[in-house]
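# Descriptive analysis of the structure
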Amino acid sequence: MRKTSSSRVLWHWWAVVVAFLSFLSTLSAAMTMKYQTYEEEALSTVIGNLAKDMSLNLSDSSKTSFRMMKQFNASFIRLRERDGQLTIGERIDREKICKHTMQCLIAFDVVSVSNEQFKLIHIELEVKDINDHAPEFPRMESTLEISENTALGTRIPLDVAMDKDVGSNYIQSYQVSVNSHFTIDVLSRADGIKYAELVLIKELDRETHTSYVLELFATDGGNPSRSSSTKINVKVKDFNDNSPVFDRNSFSVDILEDAPVGFLLVDFNAVDPDEGLNGEVVYGFGNQVPLEIRQRFSVDRKSGRLTLESPIDFESKKTYEFDIQASDLGPNPSPSICKVVVHVQDVNDNAPEITITPMTSVTAGIAYITEAAAKESFVALVSIADKDSGANGDIHCTLYGHNHFKLQQAYKDSFMIVTTSPLDREKIVEYNLTVVAEDLGSPPFRTSKQYTIRLSDENDNAPVFSKPVFEVSLMENNAPGAYITTVVARDLDQGQNSKINYKLLDTYIIGSPVSTFVSLDPATGSLYALRSFNFEVLKQLQLRIQASDGGSPQLQGSAIINLKIVDQNDNAPFITQPALINNSAEVLLPKDAPSGYVITQVHARDADEGVNAELSFRISEGVASVFSINRATGEIYLNHELNYEVYENLRITVTVSDNGRPSLTTAVTVNFIMAGSLPSDRNVFRHNIDEETREGDHSIIIIVVLAGSCALLLLAIIIIATTCNKGKVDNRGHNHSGKEDRVQAKGNHSDPLISIHSDIVFDIHPYSNKTTFSGLIQRGSDISCSSEDGTCVSEDSPRELGDKSLGVKPEGFSTVPSYGKDAMRQIPIWKGTSYATISAREPHSGKDSGVGDSDFNDSDSDISGDGLRKEEHQNNIQNGKSMHQWC
């Protein structure tokens, strides 16, 4: 029967008080909360509330929740996660769960999670018994035979009634129906089971009553009580002189649980003083001994030896109590009873059993815990069990694997695996641990179990770019949509926490949003241009890129992209000075401007930069011999004084070029207007020219130095070669004619400059003393002739006399090109007061003597080198000066 509703309410209040006192007394990391309930309670019946019973503050900031750990008996109870309310989730049958144990406990574990800290709460729910079972006898009717001469006080065992309930709901009393000869005595066995014995209280007389019918009642202590009965038929047998007598009325035997089958427990000895069959004793189990005893033990009918019939197990049953009877073979035997109690002794025959229950598990054998778990957070529950008792059941448990975890006593033989330090999944993803349990038996048994703890990812790492600032360049005039670069950020987290999304942070560039200039692929981080960039308008963009992960809360990382626009040579130079009208300019040129006079300066600019903006000036059209221009500064100056009557309208085209690839040019026409007289600051202009000369291009100086070095090297080689040739000539002197010897001898006193050009024969013809440009010619003692343009320059005057510098050939000056054998070449020279020409004839190169002599001494030459040197030397003496020339 169930308790009334009022009694249940009182019982629940008492359970709450017990739980609260248990909470106050438990200060360890694993709390034990105790509750009580009755079996067969209705579903959803509230058992308790963990948050209230533990006085937890369930504020929004704490974010406390409760989780039920998966255990075999957890289905009986339901847990509400937000506050830990416990309710009945399944019908509870105490007799099915706990059988005959006095205390029936449903133990399970709950984890409280608060601010990433995990705590274990051990719940012990005691299931109280209700009187839902009546006592039951094994037989509804039984028969007893008793001799009429049985002594008073003789005890006869009766069938034992069984009751599945426990405690006060178990059998409390036996009663027998009213009669005049028998009564009962209620006793308890070693295992606590109550049984009744029939006691003879009045002598029997077979002639009066041959039988008796009795009824035995068994009643439990429930409220209301339950009872059952069995019928006992007692038959009175004829007189038997003597009954067998045991030497002891009872035996208590200890046996080890590992005793082998056939092990001898007791060797019974019963004696009957009668003779013949009446004195022959046989042994057997009493009539009330259950089948379980008969299968576990056996007694030899003749010898009375009690042996072990099948293995016994201390962990299954610790005590056996039964009756052995001895009777003779005479008519109407009257058996004697001997009580046997067998105590099973424990041996260390069971190894410890390890059960690991994780807080969170998806795969068997693997526990999961977040990497953000605080120190001493609960990870898994290790339950150790040993069926042995005493020292054989005492267990020592150890954890091996990593010092980031340790074992902490939870309750009884249960331990918690807890963290010892902060965890970091990015450093260690999983831990392989080993739990070892060893009992204290002799010899000890050891059990080990491998277990894996895997860290679940938390979004604790923000995306990180490979560098904080990216330097990127893009050529101007790009096509819209052109690819620029790709930036990549890395996130050490896993799964959704590592999924990165890119975006451009809002900024403004020259008044427009950055999103109108470039676009960023949010998935790949690729950057594209949305417009064509112009270096002259925008030289650099600074972009801020943000990478966000997919975690919660979301974490970000940022980087800067410095996008530099690379200049292209897309702008031609433009003239800023002098002022242009229809792409031409008019410049005044003084009539009496001297040579070197700076007429004007062309100023130009280029919108490009760097090499593309480096400008150079040149005269592309016009009388370039009259004017010169500084390539670097654009200054136009006069090469020589002009006869303004001849040059009234002078015009040149100045071209300005940049240094880009390809080069862009701009041309301007400069018209010179002859007017006015020379300005007062004439010397300043000349100074500027000298300064310009000093500030020449350094690269030209380097080229000149290198060319001079090469010339010196070449000269050294020629000298060495000439020396070697002279040695050969001396060695072969007797093979040459006397004329050649005379030429060689006279050649030693000839002009050394003439000897260098010994392959050309010269004729000198005087010019007229009258010159056309007498005002432009300055006299000097020496003249030099350039092989490049055929002009000659006096060593005493810087003025050039050739075509390039004057722009006009002197009167009577002519250069006749000659090709082939004996062709004549007219070369003008200045002889102090008049012009002269040198007629030179080239010998035929194919007529070389082949013996090392120069072409000058070739036999086919019209004039020998000796004759030329002699004539030239005489002319030089007559003119009073020696002439030095080279072509």
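Model, not experiment: these values are computed from the prediction. (Residues numbered from 1 in each chain as written. Predicted model: local features only at pLDDT ≥ 70, side-chain atom pairs only at ≥ 80, totals over all residues. Heavy atoms only, no water.)

## Concerning the overall build of the protein
- Per the secondary structure count, the protein includes 10 helices and 56 strands.
- Taking all 887 residues of the protein together, the buried fraction comes to 43%.
- For the protein, the proportion of contacts with a sequence separation of at least 24, taken over those separated by at least 6, is 67%.
- When the accessible surface of the protein is split by element, carbon and sulfur atoms take 51% of a total near 47,100 Å². (Helix = DSSP H or I, 4+ residues; strand = E, 2+ residues; numbered from the N terminus. Buried < 20%, exposed > 50% of the residue type's maximum accessible area, 1.4 Å probe, protein only. Contact = heavy atoms within 4.5 Å. Areas by Shrake-Rupley, 256 points an atom, 1.4 Å probe, with all protein chains shown as cover.)

## Focus: the sheet that holds strand β25 (residues 366–370)
- Across the sheet, four strands lie side by side as β25-β31-β30-β27; this open sheet has mixed pairing. Every other strand in the sheet has two partners, leaving β25 and β27 (395–400) as the edge strands with one partner each. When the angles between neighbouring strand axes are averaged without regard to direction, this sheet yields 25 degrees.
- Bridge count between β27 and strand β30 (residues 430–439): six bridges; the pairing is antiparallel. (Pairing = 2+ DSSP bridges. Axes fitted to C-alpha atoms, helices over the stretch in contact; angles between N-to-C directions.)

## Quick notes on the layout of surface pockets
- In this structure, the largest pocket spans a volume of roughly 1,400 Å³.
- Lining the largest pocket are 43 residues; nearest its centre among them are Met162, Arg189, Asp191, Ile193 and Lys317.
- Broken down by secondary-structure element, the contributors of at least two residues to the lining of the largest pocket are β12 (194–200), α4 (291–296) and β22 (319–328).
- No other element matches the five residues that β22 contributes to the lining of the largest pocket.
- Split by residue class, the lining of the largest pocket holds 19 nonpolar, nine polar and 15 charged. (1 Å grid on protein atoms, 1.4 Å probe; cavity = no way out; pocket = protein on both sides within 12 Å on 5 of 7 lines; lining within 4 Å. Points joined across faces, edges and corners; volume = space filled by probe spheres on them. Nonpolar A, V, L, I, M, F, W, Y, C, P; charged D, E, K, R; others polar.)

## Re the nonpolar core
- Core analysis: the largest hydrophobic core is formed by 35 residues, its most contacted members being Phe378, Phe405, Ile417 and Ile453.
- The element best represented in this core is strand β26 (residues 378–385), accounting for six residues.
- In this view, Ile417 contacts Ser377, Phe378, Val379, Ala380, Val382, Leu399, Phe405, Lys406, Leu407, Leu433 and Ile453; residues no more than four positions away in its chain are not counted. (Core = buried A, V, L, I, M, F, W, Y, C linked by side-chain atoms within 4.5 Å.)

## Considerations on unusual backbone geometry
- Look at the link from Ser552 to Pro553: it is a cis peptide, with omega at 0 degrees.
- With an omega of 0 degrees, the peptide bond between Gln577 and Pro578 qualifies as cis.
- The residue Pro578 is located in the loop between β43 (574–577) and β44 (584–589) in this model.
- We note that Ser55 has phi near 55 degrees; this positive angle belongs to a residue other than glycine.

## Some thoughts on the environment of Ser334
- Positionally, Ser334 belongs in the loop between β22 and β23 (336–345).
- Judged by its relative accessible area of 13%, Ser334 falls in the buried class.
- Separated by 185 residues in the primary sequence, Ser334 and Asn149 place their C-alpha atoms 9.4 Å from one another.

## Description of the confidence of the model for the protein
- Per-residue confidence for the protein gives a mean pLDDT of 76, with 74% of residues at or over 70.
- Summarising per-element confidence for the protein, the mean pLDDT is lowest in helix α8 (residues 752–756) (33) and highest in strand β21 (residues 305–308) (96).
- Note that pLDDT drops below 50 for residues 1–28; the model gives that stretch 41 contacts with residues more than four away or on any other chain.
- A low-confidence stretch, residues 733–887 stays under pLDDT 50, and its non-local contacts, those more than four residues away or across chains, total 235 contacts. (pLDDT = per-residue confidence, 0-100.)

## A few points about the pairing of strand β13 (residues 211–220)
- By the bridge criterion, five bridges tie strand β10 (residues 171–176) to β13 in an arrangement that is antiparallel. By the bridge assignment, Tyr174 is partnered in β13 with Ala218.
- In the sheet, β13 pairs with strand β14 (residues 227–237) via nine bridges, with the strands oriented antiparallel. Bridge pairing in β14 links Ala218 to Ser228.
- Hairpin connection between β13 and β14: a loop of six residues separates the two successive antiparallel strands.

## Here we look at the pattern of salt bridges
- The tally for this structure, following the rule as stated, stands at 18 salt bridges.
- Close ionic contact of Lys564 with Glu471 constitutes a salt bridge, the shortest N to O distance being 4.0 Å. You can see Lys564 sitting in strand β42 (residues 556–566) and its partner Glu471 sitting in strand β33 (residues 469–475), a full 93 residues away along the chain.
- The network of salt bridges with shared partners includes Glu40, Arg91 and Asp93. (Salt bridge = Lys/Arg side-chain N within 4 Å of Asp/Glu carboxyl O.)

## Structural notes on the sheet that holds β13
- Across the sheet, four strands lie side by side as β8-β14-β13-β10; this open sheet has mixed pairing. Each having just a single partner strand, β8 (141–147) and β10 make up the two edges of the open sheet. Here the average twist between neighbouring strands, direction ignored, is 25 degrees.

## Describing the environment of Ala190
- Its location among the elements puts Ala190 in the loop between β11 (182–188) and β12.
- Measuring from C-alpha to C-alpha, the distance between Ala190 and Lys318 comes to 9.8 Å, with 128 residues separating the pair along the chain.
- Setting aside residues no more than four positions away along its own chain, Ala190 makes contact with Thr319, Glu321 and Val341.

## Description of the side chain of Asp388
- Within the fold, Asp388 resides in the loop between β26 and β27.
- A distance of 3.5 Å separates a polar side-chain atom of Asp388 from the backbone nitrogen of Asp349. (Polar contact = N/O pair within 3.5 Å; in protein donor to acceptor, adjacent residues only side chain to side chain.)

## Description of the packing of aromatic side chains
- All told, the structure shown has 14 aromatic pairs when counted by the stated rule.
- Ring geometry for Phe465 against Tyr502: centres 6.4 Å apart, planes inclined by 55 degrees, an arrangement best described as tilted. Pair noted here: Phe465 is in strand β32 (residues 464–465) and Tyr502 is in strand β36 (residues 501–504), with a separation of 37 residues, a long-range link. Tyr502 carries the same exposure label as Phe465, and that label is buried.
- Clustering of aromatic rings is evident, with ring pairs tying together Phe246, Phe251, Phe268 and Tyr283.
- Its guanidinium or amino end placed over the ring of Phe314, Lys318 lies 4.8 Å from that ring's centre, counting from NZ or CZ.
- Positioned above the aromatic ring of Phe535, the side-chain terminus of Lys539 is 5.0 Å from the ring centre. (Phe/Tyr/Trp six-rings, centres within 6.5 Å; stacked < 30°, edge-to-face > 60°. Lys NZ or Arg CZ within 6 Å of the ring centre and 35° of its normal.)

## Description of a nonpolar patch on the surface
- On the surface, a cluster of nonpolar side chains totalling about 310 Å² of accessible area is made up of Leu712, Leu715 and Ile719.
- Mapping Ile719 onto the fold places it in helix α6 (residues 698–731).
- Residue classification places Ile719 among the partly exposed residues on the basis of a relative accessible area of 47%. (Patch = residues over 30% accessible without salt bridge, like charges linked within 9 Å, V, L, I, M, F, W, Y side chains within 5 Å.)

## Focus on the side chain of Asn671
- Locating Asn671 in the fold gives a position in strand β51 (residues 665–674).
- Excluding residues that lie within four positions of it along the chain, Asn671 makes contacts with Ser584, Ala585, Glu586, Val587, Leu650 and Arg651.

## A closer look at the environment of His603
- Examined against the element boundaries, His603 turns out to sit in strand β46 (residues 603–605).
- For His603, a relative accessible area of 29% corresponds to the partly exposed category.
- In the structure, His603 is positioned 53 residues away from Val656 in sequence and 9.5 Å away in space, judged by C-alpha atoms.
- With near-sequence residues (within four places) excluded, His603 lies in contact with Phe574, Ile575, Thr576 and Gln577.

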